[in-house]
Amino acid sequence: MQRIRLFEERVADLVSKGEITTPCHLYTGQEAVATGICASLRNDDYVFSTHRSHGHYIAKGGDLRKLMAEIYCKSTGCSKGRGGSMHITSAEKGLPGSSAIVAGTIPIAVGAALRLSAVGGDGVSVAFFGDGAVCEGAFYEALNFASLKKLPVIFVCENNLFSTHMPVEDSLANPIIYKIAEAFKLPSCRIDGNDVLKVYKTGQAAIERARKRKGPSFIECMTYRWRGHVGPNYDVDKGIRTQKELDRWMAKDPIKALEKMLIAKRFLTNGEASKIVTGIEREIDGAVAFAKKSPYPPSDEMEIIRYLFR
Amino acid sequence: MRELTYAQAINEALRLLLETDDRVMLIGQGVTSPWYVGTTTAGLIERFGNRRVIDPPVSENGITGVAIGAALAGSRSILVFPRMDFMYLAMDQIANHAANWHAMFGGEYCVPLTIWGIINRGGEQAAQHSQALQAIFAHIPGLKVVMPSNGYDAKGLLISSVRDGNPVVFIDDRWLYNLRCVVPEGLYQVPIGKGAVLREGKDVSVITSSYTVHEVLKAADECRGKGISVEVVDLRTIKPLDSELILGSVRKTGRVVIVDGGWKAFGVSGEIAARIAETPLIRELKAPICRLSLPDAPAPASTALEDVYYPRKEQIAATIQRLLEA
């Protein structure tokens, strides 16, 4: 969680300074969801992500240097500078990609699960998406097919209450999303997405169920993105939400909550907590330095791409 | 030599692909239906089971995503649209996802996906069951588009498409399904990106593809009776276009008629004309480039209107003759 938080906050800073220009949809505030789910996944399990991709990549164990380099659109990035912030991948960590089309990767995650169920073994596939995706047809088509064929896929809806600028109650006739999933005969639940242990336990049960080939599950995680839809702003000045609402959610910071609990139970000391932060900051410094000194993709690469796609 | 119908050739290609490569999966509306895809999928589900031959619900966009996801996870997916018109429902997954994936992620992943669409024109099926959409898919970077005109090419191109490793749109025309030709047994490939000269000639090159090839061949016969020697070029692949073959033929004859089974505006015939016009060859032509295609109008239902909507041999022959007289 802390790695995602500090990475995203660094990106926010670098975007503000004009160092990063690719559109960045920051995950700050939602860290418990990706972390809690991916904790039960292996490298040979698949995760499919969205435009808000950094958190999933980091939680799945992706390399911070390759991620930062991709955000700088450099040739050393995980997608060689051709994808930018919204299109990240890690073959070795089981992240085939992230799509900037809302709901785009939901059926694709189902397809990966179809393949996994055909080859045997106990691999699973996870689709992360937001509440906005629930308005798309692809969502319904994917849920129906996954349930019909009992595929090993876990649908993780990160309900952060907004699809771009639009509050969820203005976009969904039924904003209780897990109830929609229930209609497809999927075991479904709504949980506090800022409680990482709750996400972990719920995710683990759903993943186990999929590993045992008992079918798909649906988890609606209630959470909140601190930053606006895209970029480093908070969107309070634009009238999209109130400072009071933002403050209320910032008080429910998933990282602080966990830290407090761990310290209270004496699993962690304040000193250890700040040591973790220092270590991660150093790692991010390294990632930024790596990204900055990396070359841009050579222009003759465009010729090769053109040839490939002639 | 053994002859098969076009539909049998497709059926044999599918059977051999499923038999020899356990990554191959066939998914799409009607693969178990007795009429949707003709007889092309007959016997496959009985032989290979419903995990490799999947008849999904009508969810074109979702199922296209499923085929992409399976391909990313190691399948060689063949996705069928028994009416090509239904591909419009899946445009997001085809154009935004399948086509872009390889480049967008820096080549980390390939999407080995064959998207098989069938043109169902004729039979009073009207505007939403008759469309020939090759130009739309050929426009999109990341998609290859093939359009065989006979069973031999269909089998070889289908095998090449599945083995290609990235998305190929394989288009066939229902009017081809009962045509017979010699088809070798076993697996063989027809290369993607290579056209073929079906008949050599010296007065005019006719560039065409898919079912229209057969109307052109008949028109060429008619022209021969009038002393006109027609060279017939079958594109076989729309994209990447075999420009070399086209330019070589046009250089030889000095005249060109492009006959496309799609619409004219912004389409395949326009692209071919532009490829010719972009070379110095344009100054050597003995007559202007001539295009024959569907009128820019939705397909009608009535047979009386269908008869004038689709270019037939008479119209093609008359166009060739007019060009020679010019």
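For every chain, the first residue of the written sequence is number 1, and numbering continues from 1 onward in sequence order. Each chain gets a letter, beginning with A, and each ligand a number, beginning with 1, in the order they are written. The predicted origin of the model limits local features to residues at a pLDDT of at least 70 and limits the giving and counting of side-chain atom pairs to 80 or more, whereas totals for whole chains, interfaces and linings rest on all residues.

### Considering the overall build of chain B
Okay, so step 1: Each helix and strand counted, chain B has eleven helices and 14 strands in total.
Okay, so step 2: Here the globule rule reads 2.2 Å times residues to the power 0.38, and the radius of gyration is calculated from C-alpha atoms. Radius of gyration (C-alpha) of chain B: 20 Å, near the 20 Å computed for a compact globule of 326 residues.
Okay, so step 3: Across its three principal directions, the C-alpha atoms of chain B cover 60 × 40 × 40 Å.
Okay, so step 4: Put simply, of all contacts in chain B between residues at least 6 apart along the chain, 81% involve residues at least 24 apart. Segments assigned H or I by DSSP are reported as helices when at least four residues long, segments assigned E as strands when at least two residues long, and all are numbered from the N terminus. Throughout, a pair of residues is in contact if the C-beta atoms placed from their backbones lie within 7 Å.

### Structural notes on helix 9 (residues 196-211) of chain A
Residue and element names in this part refer to chain A.
Okay, so step 1: To estimate the expected span of a helix, count its residues, drop one, and scale the result by 1.5 Å. The end-to-end C-alpha separation of helix 9 is 22 Å, in line with the 22 Å expected for 16 residues at 1.5 Å each.
Okay, so step 2: To sort residues by exposure, count the other C-beta atoms lying within 10 Å of each residue's C-beta; 20 or more gives buried, 12 or fewer gives exposed, and values between give partly exposed, all with C-beta atoms placed from the backbone. Of the residues making up helix 9, those classed as buried are Val196, Val199, Thr202, Gly203, Ala206, Ile207 and Ala210. Buried residues of helix 9, viewed axially, fall in a sector of 135°; they line one side.
Okay, so step 3: Along its buried surface, helix 9 packs onto helix 2 (31-38), strand 4 (153-159), strand 7 (188-192), strand 8 (217-222) and helix 11 (254-264). What the arc covers is the set of directions going from the helix axis to the C-beta atoms.

### Brief notes about the domain arrangement of chain B
Interface size, as often reported, equals the accessible area lost upon joining of the parts.
All names here are of chain B.
Okay, so step 1: Boundaries of every domain are those given by an automatic assignment or by a domain database. Here chain B is partitioned into domain 1 (3-182) and domain 2 (196-325).
Okay, so step 2: Look at where the C-alpha atoms of domain 1 and domain 2 centre, and you get two points 26 Å apart.
Okay, so step 3: Broken down by secondary-structure element, the contributors of at least two residues to the side of domain 1 that touches domain 2 are helix 5 (134-138), strand 6 (144-146), helix 6 (151-164) and strand 7 (168-173).
Okay, so step 4: Under the scheme applied, nonpolar residues are Ala, Val, Leu, Ile, Met, Phe, Trp, Tyr, Cys and Pro; charged residues are Asp, Glu, Lys and Arg; polar residues are all the others, including Gly. Residues of the side of domain 1 that touches domain 2, tallied by class, amount to 13 nonpolar, five polar and five charged.

### Some thoughts on the sheet that holds strand 5 (residues 113-119) of chain B
Residues and elements named next belong to chain B.
Okay, so step 1: Taken in spatial order, the seven strands make up an open sheet running 3-2-4-5-7-6-12, and their pairing is mixed. Among the strands making up the open sheet, the edge pair consists of strand 3 (53-54) and strand 12 (237-239).
Okay, so step 2: With two bridges connecting them, strand 6 and strand 12 associate as antiparallel partners. Residue pairing in the sheet places valine 146 in a bridge with threonine 237 of strand 12. For two strands to be treated as a pair, DSSP must find no fewer than two bridges joining them.

### A look at the nonpolar core
Okay, so step 1: Each nonpolar core consists of buried Ala, Val, Leu, Ile, Met, Phe, Trp, Tyr and Cys residues. Their C-beta atoms, within 7 Å, join them into a set. Residues Ala109(A), Val110(A), Val126(A), Val153(A), Val156(A), Val206(B) and Ile320(B) are the most contacted members of the largest nonpolar core, which totals 181 residues.
Okay, so step 2: When residues are assigned to domains, this core turns out to be shared by domain 1 (3-182) and domain 2 (196-325) of chain B, each giving three or more.
Okay, so step 3: Setting aside residues up to four positions removed in sequence, Val206(B) forms contacts with Val216(B), Ala220(B), Val230(B), Glu231(B), Val232(B), Val233(B), Val257(B), Val259(B) and Ile320(B).

### Side note on helix 4 (residues 64-71) of chain A
Residue and element names in this part refer to chain A.
Okay, so step 1: Most of helix 4 sits inside the fold, with eight of its eight residues counted as buried.
Okay, so step 2: Among all positions of helix 4, only Leu64, Arg65, Lys66, Leu67, Met68, Ala69, Glu70 and Ile71 are buried.
Okay, so step 3: Buried positions along helix 4 lie against helix 1 (2-16), helix 3 (54-59) and helix 12 (270-293).
Okay, so step 4: Cysteine 73, located one to two residues past helix 4, shows a positive phi value of around 60°.

### A short note on the sheet that holds strand 13 (residues 256-263) of chain B
Hydrogen bonding along the main chain pairs the strands of a sheet, whether they run parallel or antiparallel.
All names here are of chain B.
Okay, so step 1: Spatial strand order, 9-11-10-13-14: five strands in an open sheet with mixed pairing. Among the strands making up the open sheet, the edge pair consists of strand 9 (196-199) and strand 14 (290-294). Looking at each pair of strands side by side, their axes are set apart by 25° on average, direction ignored.
Okay, so step 2: In this description, a line fitted to the C-alpha atoms serves as the axis of each element, helices being fitted only across the stretch in contact, and the angle between N-to-C directions of two axes falls anywhere from 0 to 180 degrees. In this fold helix 7 (residues 212-225) packs onto strand 9, strand 10 (204-208), strand 11 (230-234) and strand 13, with an angle of close to 170° to the strand it touches most, strand 11.

### Re the pairing of strand 14 of chain B
Okay, so step 1: Pairing between strand 13 of chain B and strand 14 of chain B: four bridges, direction parallel. Along strand 14 of chain B, the bridge assignment pairs Ile258(B) with Arg291(B).

### What about the environment of Pro254(A)?
All names here are of chain A.
Okay, so step 1: For proline 254, the position within the fold is in helix 11.
Okay, so step 2: Taking the C-beta count within 10 Å as the criterion, proline 254 has 25 such neighbours and is therefore assigned buried.
Okay, so step 3: In the structure, proline 254 is positioned 62 residues away from aspartate 192 in sequence and 9.9 Å away in space, judged by C-alpha atoms.
Okay, so step 4: Sequence-distant contacts of proline 254, defined by excluding residues within four places in its chain, comprise Met1, Glu31, Ala32, Asn194 and Val196.

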